[in-house]
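Structural features, examined
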Amino acid sequence: MAWPIAEVARMSGVTARTLRHYDEIGLLPPAWIGTGGHRYYEERQLLRLQQVLVLRALGLGLPEIGRILAAQIDELEALRGHHNRLLAERDRLDALAGTVARTIAELEQSRKDGTDMISITRPENLFESIGPAPCMKVLHDFPDLVRAVERRTSAWSKAEIEANERERTAQMIQLAELLATGTPADADEAQAKIDTQYRTLARIRAATAEEYRAIGHTCVENEHWRAAYESIAPGLAEYQQAAIEAYAATRLH
């Protein structure tokens, strides 16, 4: 049985334009092309499309997905691997939701107590379940940086992961303290904090100016990153991005 591209688009929620793009880059060729250039897909192509969408949902870019699918030998084993990744992502998001929920409860209580809303939340480990490798997965356009972080951090022990998370939380709180005092993002004090953050990342792999700017944008645009920063202090995500932008412009060329 074969389905035309319009029907596949309807069933999968992927636009026909995207399906044609997948064909053009060799990621998902149709089973055959009929008269007038109409693409048709059979069960094997639908299964491959499912795998593409699963890997996209896990934050992988199209080049990385292409490499994974090209290396596959057994479809059943591949699906088991995708299933395990989804379960791991579910557990990570559950833990993240718990972290954010605790922060929400703390902020709600502070409002009831009438404390200053510019006050900074000081969790022991705000970045629990938001490790460096999962964070980097959102940087689809910089696969080299993502792979370098994944390779380095995959060998970390639980103690090393927790130490890294606590360090990142401490760095964010220090930056939030400057935000609360009205220190400009490009001031020496703020840039010194960003330099510390950059050097922490550089222990794994030094980022280029373009890569570091992308990380700054992600602080604002990615819901998980933004939630973490905003839980420490309102406006911290934008302040972090502005500080990174200034750092990349003056220190990374």
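Keep in mind that what you see is a predicted model, and the values were worked out from it rather than measured.

Rules of the game
- Residues numbered from 1 in each chain as written.
- Predicted model: local features only at pLDDT ≥ 70, side-chain atom pairs only at ≥ 80, totals over all residues.
- Heavy atoms only, no water.
- Helix = DSSP H or I, 4+ residues; strand = E, 2+ residues; numbered from the N terminus.
- Buried < 20%, exposed > 50% of the residue type's maximum accessible area, 1.4 Å probe, protein only.
- Contact = heavy atoms within 4.5 Å.
- Areas by Shrake-Rupley, 256 points an atom, 1.4 Å probe, with all protein chains shown as cover.
- Pairing = 2+ DSSP bridges.
- Salt bridge = Lys/Arg side-chain N within 4 Å of Asp/Glu carboxyl O.
- Phe/Tyr/Trp six-rings, centres within 6.5 Å; stacked < 30°, edge-to-face > 60°.
- Arc of directions from axis to C-beta.
- Polar contact = N/O pair within 3.5 Å; in protein donor to acceptor, adjacent residues only side chain to side chain.
- Core = buried A, V, L, I, M, F, W, Y, C linked by side-chain atoms within 4.5 Å.
- Expected span 1.5 Å × (residues − 1).
- pLDDT = per-residue confidence, 0-100.
- Axes fitted to C-alpha atoms, helices over the stretch in contact; angles between N-to-C directions.
- Parallel < 35°, antiparallel > 145°, perpendicular 65-115°, else oblique.
- Nonpolar A, V, L, I, M, F, W, Y, C, P; charged D, E, K, R; others polar.
- Left-handed = near helix turned anticlockwise from the far one by under 90°.

Concerning the overall build of the protein
Assigned secondary structure in the protein consists of twelve helices and three strands. In the protein, which comprises 253 residues, the share counted as buried stands at 40%. Taking the intrachain contacts of the protein between residues at least 6 apart in sequence as the baseline, contacts between residues at least 24 apart amount to 65%. Within the structure as shown, the protein displays about 13800 Å² of accessible surface, and the carbon and sulfur contribution to it stands at 53%.

Here's the deal with the sheet that holds strand S2 (residues 32-33)
Read from one edge to the other, the open sheet built from three strands follows the order S1-S3-S2, with strand pairing classed as antiparallel. Each edge of the sheet is formed by a strand with only one pairing partner; in this case those strands are strand S1 (3-4) and S2. In this sheet, strand S3 (residues 39-41) lies alongside S2 in antiparallel orientation, the contact comprising two bridges. Following the sheet pairing, Trp32 is matched in S3 by Tyr40.

Quick notes on the pattern of salt bridges
Inspection of the entire model under this criterion finds nine salt bridges. The salt bridge partner of Arg203 is Glu167, with a shortest N-O separation of 2.9 Å. Here the residue Arg203 occupies a position in the loop between helix H9 (188-202) and helix H10 (209-221), and Glu167 occupies one in helix H8 (residues 158-180), the gap between them amounting to 36 residues. Arg203 gets classed as partly exposed once you look at its relative accessible area, which sits at 46%. Look at Glu167 and you get partly exposed, because its relative accessible area is 27%.

Describing the packing of aromatic side chains
With the rule as written, the count across this model stands at four aromatic pairs. A ring pair is formed by Trp32 and Tyr40, whose centres lie 4.4 Å apart and whose planes are at 10°; its orientation type is stacked. Among the residues examined, Trp32 registers a relative accessible area of 39% and is labelled partly exposed. Seen from their ring centres, Tyr198 and Tyr247 are 5.6 Å apart, and the 40° between their planes marks the pair as tilted. Linking Tyr198 in helix H9 with Tyr247 in helix H12 (residues 236-251), this pair joins segments that are 49 residues apart in sequence.

A few points about helix H1 (residues 5-12)
Among the residues of H1, those classed as buried are Ile5, Val8 and Ala9. Down the axis of H1, the buried side of the element spans an arc of 100°, and every buried residue falls inside it. More than 90 degrees from the buried face of H1, the exposed residues found are Ala6 and Arg10. At its buried positions, H1 is contacted by S1, helix H2 (16-24), S3 and helix H3 (43-57).

Observations concerning the side chain of Asp195
Here Asp195 is to be found in helix H9. Given the relative accessible area of 13%, Asp195 is considered buried. Here the side chain of Asp195 touches Arg199 through a polar contact of 2.8 Å, side chain to side chain. Residues within four places of Asp195 in sequence aside, it is in contact with Tyr247 and Arg251.

Focus: the nonpolar core
Among the nonpolar cores identified, the biggest contains 33 residues, and Tyr212 and Leu236 are the most heavily contacted of them. Setting aside residues up to four positions removed in sequence, Tyr212 forms contacts with Ile194, Gln197, Tyr198, Leu201, Ala207, Ile244, Tyr247 and Leu252.

A look at H3
With 15 residues, H3 should cover 21 Å at 1.5 Å per step; its first-to-last C-alpha distance of 21 Å lies within 8% of that length. Every buried residue of H3 is accounted for by Gln45, Leu49, Gln51, Val52, Val54 and Leu55. Gly59 sits one or two positions beyond H3 and adopts a positive phi of about 95°.

Looking at the confidence of the model for the protein
Put simply, the protein has an average pLDDT of 79, and 79% of its residues get 70 or more. When mean pLDDT is taken per element in the protein, S3 scores highest with 93 and helix H6 (residues 132-136) scores lowest with 51.

What about the packing of H9 against H12?
Contact pair H9 / H12: the axes reach a minimum separation of 9 Å and the direction vectors enclose 80°. Judged by the inter-axis angle, H9 sits roughly perpendicular to H12. Contacts from Ala190, Gln191, Ile194, Asp195, Gln197 and Tyr198 in H9 reach Tyr239, Gln240, Ala243, Ile244, Ala246, Tyr247, Thr250 and Arg251 in H12. Class assignment for the residues of the contact of H9 with H12 results in eight nonpolar, four polar and two charged.

Observations concerning the packing of H1 against H3
Where H1 contacts H3, the axes come no closer than 12 Å and their chain directions differ by 40°. With respect to H3, the element H1 is oriented oblique. Crossing of H1 against H3: the hand is right-handed. Across the interface between the two elements, Val8, Met11 and Ser12 from H1 touch Leu46, Leu49 and Leu53 from H3.

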